[in-house]
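Descriptive structure summary
If you want the building blocks of each chain, they are given just below.
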Amino acid sequence: MTPTDATTRSSRTAVPDLPDPLPIAVVDNHTHLDIEREGVAVDVADLLARAKAVGVDRVVQIGCDLPAARQTVVMVDTYAAMLGGVALHPNEVPGLAASGSLDTAYEEIESLARHPRIRVVGETGLDYFRTGPDGKGVQQDSFRWHIDLAKRLDKALQIHDRDAHADVLRILEEEGAPSSTVLHCFSGDLPMAQECAERGYYLSFAGTVTFKNAHGLRDALSVTPLDRLLVETDAPYLTPHPHRGAVNAPHLVPLTVRAMAATLGVAVPTLCQALSENSERVYGPWT
């Protein structure tokens, strides 16, 4: 690698600087502050301080395998600005099933989910992009298990949906969705957004909605009622424009919020107020 190549790679992967602050504080509804990406060290306290400085004063930390779920419980006890979610990601489930350890993993997830600052069962759902046809059945069974857990514990449900829109909606209808159901990093089209809103689900938009070619996502956003909207980073991934490809972090939420406000044709403070109120409605108070 030449010095020029190294400089280019460094600028692409480093966490970008702070954007202009939001006028009303909002929540990063889905982030993974346990994950190190591109060799960029994770300093959780610093990331939370940087986020607060730009009006992102609360986060929902998601642990979606057993080590991350355990760490998430420790983190929510450490940081007042953080609530958490735990689950087995759909891409984790086929391997656990093949090894005979899925039932034991379910038992631990249920135990961790009972923690009072774990307010989310998730991310669970379906991923047909990385898991082939042989894994679909166990993923669907796992999704049903997590839906039941969320309802039994009265927790919000956060859903991962990749290339599986029809089956996600079908299973939610068959099982009966929890009262607070969130489509994390919403990736559907306009008709799906309308159906989700009619069912009372929340749609959480990530930095992908800022991408230049994301016309379908912006169309979906445009028909989503303000009282069904959430915003997230999915950090350290899905960094919003103009920093696409860099390491994401909660302090970049304002870029996504401003892009959402422009698409919706609403004032930024109006959207911020709705996002904050929706988050408290879904997850409860942080203090």
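Our subject in this report is the structure included herewith. (Residues numbered from 1 in each chain as written. Predicted model: local features only at pLDDT ≥ 70, side-chain atom pairs only at ≥ 80, totals over all residues. Heavy atoms only, no water.)

Before going further, it helps to spend a moment on the pairing of strand 3 (residues 82-86). Within strand 3, five of the five residues are buried, which leaves it mostly tucked inside the rest of the structure. A two-sided burial pattern is seen for strand 3, the buried positions comprising Met82, Gly84 and Val86 on one face and Leu83 and Gly85 on the other. Bridge count between strand 2 (residues 56-63) and strand 3: five bridges; the pairing is parallel. Bridging from a neighbouring strand, Gln61 pairs with Gly84 of strand 3. You can see the chain leave strand 2, run along helix 3 (residues 66-78) and come back into strand 3, and the turn it takes is right-handed. (Buried < 20%, exposed > 50% of the residue type's maximum accessible area, 1.4 Å probe, protein only. Helix = DSSP H or I, 4+ residues; strand = E, 2+ residues; numbered from the N terminus. Pairing = 2+ DSSP bridges. Right-handed = clockwise from strand over helix to strand, strands pointing away.)

The final tally for this structure, using the stated rule, is 13 salt bridges. Glu174 is the salt-bridge partner of Arg144, the closest N and O atoms lying 2.8 Å from each other. Here Arg144, found in helix 6 (residues 136-153), pairs with Glu174, found in helix 7 (residues 165-175); they are 30 residues apart in sequence, far enough to count as distant. Since its relative accessible area comes to 46%, Glu174 is described here as partly exposed. Here Asp167 ties to Arg170 by a salt bridge, and the two come within 3.3 Å at their closest N and O atoms. On the criterion of helical spacing, the pair formed by Asp167 and Arg170 is a turn pair, its members being three residues apart in helix 7. Several salt bridges share partner residues, and in doing so they unite Arg144, Asp167, Arg170, Glu174 and Glu175 into one network. (Salt bridge = Lys/Arg side-chain N within 4 Å of Asp/Glu carboxyl O.)

Quick look at the sheet that holds strand 3 now. One open sheet holds the eight strands; their spatial order is 1-2-3-4-5-6-7-8, and the pairing between them is parallel. Two strands bound the open sheet, and with one partner strand each, they are strand 1 (26-31) and strand 8 (229-231). Going from strand to strand, the sheet's axes swing by 25 degrees on average, the running direction of each strand aside. Here three bridges tie strand 5 (residues 156-162) to strand 6 (residues 181-183), and the two strands are oriented parallel to one another. Bridge pairing links Ile159 to Leu183 in strand 6. Sheet contacts for helix 11 (residues 268-283): strand 1, strand 2, strand 3, strand 4 (118-127), strand 5, strand 6, strand 7 (202-205) and strand 8; angle to strand 8, the most-contacted strand, approximately 95 degrees. (Axes fitted to C-alpha atoms, helices over the stretch in contact; angles between N-to-C directions. Contact = heavy atoms within 4.5 Å.)

Attention shifts here to the nonpolar core. Counting residues in each nonpolar core, the largest one holds 68 residues, and the members touching the most others are Leu88, Phe143, Leu183, Phe186 and Phe205. If we skip the residues at most four places from it in the chain, Leu183 touches Ile159, Asp161, Val168, Met192, Cys196, Tyr201, Tyr202, Leu203 and Ser204. Judged by nonpolar contacts, the second largest core, of 13 residues, contains Ile62, Cys64, Val182 and Trp286. (Core = buried A, V, L, I, M, F, W, Y, C linked by side-chain atoms within 4.5 Å.)

The next thing to look at is the layout of surface pockets. Estimates place the volume of the largest pocket at around 830 Å³. Around the largest pocket, the lining is made up of 33 residues, and of these Arg130, His160, Arg162, Asp234 and Leu238 lie nearest the centre. Elements represented by at least two residues in the lining of the largest pocket include exactly strand 2, strand 4 and strand 5. Top contributing element to the lining of the largest pocket by residue count: strand 5, with three residues. Space inside the second largest pocket adds up to approximately 170 Å³. Forming the walls of the second largest pocket are 19 residues, and the residues nearest its centre are Val15, Ala41, Val42, Leu47 and Val247. The residue makeup of the lining of the second largest pocket, split by class, is twelve nonpolar, two polar and five charged. (1 Å grid on protein atoms, 1.4 Å probe; cavity = no way out; pocket = protein on both sides within 12 Å on 5 of 7 lines; lining within 4 Å. Points joined across faces, edges and corners; volume = space filled by probe spheres on them. Nonpolar A, V, L, I, M, F, W, Y, C, P; charged D, E, K, R; others polar.)

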